Amino acid sequence: MYQYHHHTNTELITQDTNVSLHDCKATRISLKNKLLSFLFPDGFWVSKKDSDNEKLFYTDEGQVNFTLLYDAKVAVTIYIFTEKDGKIIREELTIEELIHQINEKLCSLEFLYSYIGYQTFKFDCWIWFDKEPYHKECELIISSQEIVYQWNNLYEES
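Note that the coordinates shown come from a computational prediction; the quantities given were computed from them, not determined experimentally.

(A) Highlighting the overall build of the protein chain. In terms of helices and strands, the protein chain carries two helices and 14 strands. C-alpha extents for the protein chain along the principal axes are approximately 55 × 35 × 30 Å. Expressed as a percentage of the 158 residues in the protein chain, the buried residues total 40%. Within the protein chain, contacts between residues at least 6 apart in sequence are counted, and of these 59% link residues at least 24 apart. For the protein chain, the exposed surface amounts to about 9,700 Å²; the carbon and sulfur share of it is 47%.

Written out as structure tokens, the structure is:
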């Protein structure tokens, strides 16, 4: 159970606290009853506005939850990009395949950039491997109203 929760929705994004997954790696994923969860053992970034200043913090282990709007086969789209013979090939991966690969430690998922649209979250990611090609680009699109970030402790970035 986590002590702190932060909600980011697709409707109103004017908050004094923002959470970022930039450069954060998920090492476990679960999907149960339309709840898609990512575990970040090294946490993620939290920025807070204090008067005119913005302070940057990082969390301890954290979890990010998406309540899917539809069945996972429709609500989650994953594209993996591979270079072959000078061309980029886009392959679609199912959420079940990604869950298996991450949870069996065949790879990890690093979040780079995020985009929020109406009932949609899009992430540009890298999938990391222990052997060549070491990483591949990935696009993760999730149909959800909001993200719920959870953690226990915040540490100020120095």
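(B) Main features of the pairing of strand β8 (residues 62-68). Burial runs high along β8: five of the seven residues are buried. Relative to strand β13 (residues 135-151), β8 runs antiparallel, the two sharing six bridges. From the neighbouring strand, Gln 63 faces β13, where its bridge partner is Gln 150.

(C) Structural detail: helix α2 (residues 95-103). All of the buried residues along α2 are Ile 95, Leu 98, Ile 99, Ile 102 and Asn 103. Taken down its axis, α2 places every buried residue within 115° of arc, on the same side. Backbone geometry just after α2 places Lys 105 at a positive phi near 60°.

(D) Looking closely at the nonpolar core. In terms of nonpolar packing, the biggest core is built from 37 residues, with Phe 38, Phe 66, Leu 109, Phe 111, Phe 123 and Leu 140 touching the most fellow members. Per-element accounting of this core gives the leading share, six residues, to β13.

(E) Local environment of the state of the cysteines. Per the stated rule, a full pass over the model turns up zero disulfides. Free cysteine: Cys 125, not disulfide-bonded; nearest cysteine sulfur from Cys 138 at 4.9 Å.

(F) Up close: the sheet that holds strand β6 (residues 45-50). Ordered in space as β2-β6-β7-β14, the four strands form an open sheet in which the pairing is antiparallel. Lying at the two open borders of the sheet, with one neighbouring strand each, are β2 (17-20) and β14 (154-156). Ignoring which end each strand starts from, the neighbouring axes of this sheet average 30° apart. Note: strand β7 (residues 53-59) against β14, three bridges, orientation antiparallel. Its bridge partner being in β14, Thr 59 is matched across the sheet by Leu 154.

(G) How the structure looks around the packing of aromatic side chains. Scanning all chains against the criterion turns up 13 aromatic pairs. Between Trp 126 and Trp 128 the ring centres are 5.4 Å apart and the planes differ by 70°, which places this aromatic pair in the edge-to-face class. Of the residues examined, Trp 126 reaches a relative accessible area of 28% and is grouped as partly exposed. Taken together, the ring pairs connect Tyr 4, Phe 38, Phe 40, Phe 44, Phe 66, Phe 111, Phe 121, Phe 123, Tyr 149 and Trp 151 into an aromatic cluster. The lysine or arginine in question, Arg 90, covers the ring of Tyr 79, its NZ or CZ lying 3.9 Å from the ring centre.

(H) Geometry of the pairing of β7. Across six bridges, β6 lies against β7 in antiparallel orientation. Within the sheet, the bridge partner assigned to Ser 47 lies in β7 and is Leu 56. Between β6 and β7, which pair antiparallel one after the other, the connecting turn spans two residues, and Ser 51 there sits at a positive phi close to 60°.

About the cut-offs
- Along each chain, the written sequence defines residue order, and numbers are assigned to residues from 1.
- It should be noted that, the model being predicted, local features are given only for residues of pLDDT at least 70 and side-chain atom pairs only at 80 or more, the latter also being counted only at that level, while totals for whole chains, interfaces and linings use all residues.
- Here the side-chain values reflect all heavy atoms present in the structure, with hydrogen atoms and water set aside.
- Under the scheme used here, helices are H or I runs from DSSP no shorter than 4 residues and strands are E runs no shorter than 2 residues, and both carry numbers assigned from the N terminus.
- When accessible area is computed with a 1.4 Å probe and restricted to protein chains, residues below 20% of their type maximum are described as buried, those above 50% as exposed, and intermediate ones as partly exposed.
- Whether two residues touch is decided by their heavy atoms; if any such pair falls within 4.5 Å, the residues are in contact.
- A 1.4 Å probe and the Shrake-Rupley method give the accessible areas. Residues count as covered only by the protein chains that appear here.
- Any two strands with at least two DSSP bridges between them are considered paired.
- By arc we mean the arc of the directions from the helix axis to the C-beta atoms, nothing more.
- Here the nonpolar core consists of buried residues drawn from Ala, Val, Leu, Ile, Met, Phe, Trp, Tyr and Cys, with membership extended through side-chain atoms lying within 4.5 Å.
- Criterion for a disulfide: a pair of cysteine sulfur atoms at a distance within 2.5 Å.
- A fitted line through C-alpha atoms represents every axis, and for helices the fit uses only the stretch in contact; the resulting angles, taken between N-to-C directions, go from 0 to 180 degrees.
- A pair of Phe, Tyr and Trp rings is counted when the ring centres sit within 6.5 Å of each other, with Trp represented by its six-membered ring. The angle between the planes then sorts it: under 30 degrees is stacked, over 60 is edge-to-face, the rest tilted.
- Here, a charge over a ring is recorded when the distance from Lys NZ or Arg CZ to the ring centre is within 6 Å and its angle to the ring normal is within 35 degrees.

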